[in-house]
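# Architecture at a glance
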Amino acid sequence: MSQDNWVDAIAVDELPSDDVKGVVVAGRDIAIYTVGDDIFATDNVCTHGQARLCDGFLDGHEIECPLHQGKFDVRNGRPTCDPVTESLRSYPVRIEGQRVFLQID
Ligand code: FES
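Report on the accompanying structure. (Residues numbered from 1 in each chain as written. Predicted model: local features only at pLDDT ≥ 70, side-chain atom pairs only at ≥ 80, totals over all residues. Heavy atoms only, no water.)

## Concerning the sheet that holds strand β3 (residues 28–35)
- Here 4 strands make up an open sheet; going across it, the order is β2-β3-β4-β9 and the pairing antiparallel. The open sheet has two edge strands with one neighbour each: β2 (20–25) and β9 (90–91). (Pairing = 2+ DSSP bridges. Helix = DSSP H or I, 4+ residues; strand = E, 2+ residues; numbered from the N terminus.)

## Observations regarding the pairing of β3
- The buried fraction of β3 amounts to 6 of the 8 residues, a majority that puts the element mostly inside the structure.
- As judged from the 6 bridges shared by β2 and β3, these two strands associate in the antiparallel manner. Residue V24 lies in a different strand from β3, and its bridge partner there is D29.
- In this antiparallel pair of consecutive strands, β2 and β3, the connection spans 2 residues, and A26 shows a positive phi of 50 degrees.
- Taken together, β3 and the strand that follows it, strand β4 (residues 38–43), pair antiparallel across an intervening segment of 2 residues, in which G36 is found at a positive phi of about 60 degrees. (Buried < 20%, exposed > 50% of the residue type's maximum accessible area, 1.4 Å probe, protein only.)

Any link to function would need more than the numbers given here.
In structure tokens, the structure reads:
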């Protein structure tokens, strides 16, 4: 674990454009989203059931869960559509060189 808990997660060029990718960082299953030039990160497992959001559909800032089509705002993890009611944990993102770092405690 680095200082202030910033952890090197992935290279920027390994991320698909306007899409979501699942990565394991510091033992956590995390979804990393690209929306235009912005990058966001949340937990990858839906708060409603055992589905991975990296298998879902990203539309703008919303990720749709593949299991029951609940949706979350990838900027803050908040639910935006039933049946999800509980927020996803979201992680601060920092780009350094060509690497994506996440702040994980
Ligand atoms: Fe994601 Fe049900 S498991 S909406």
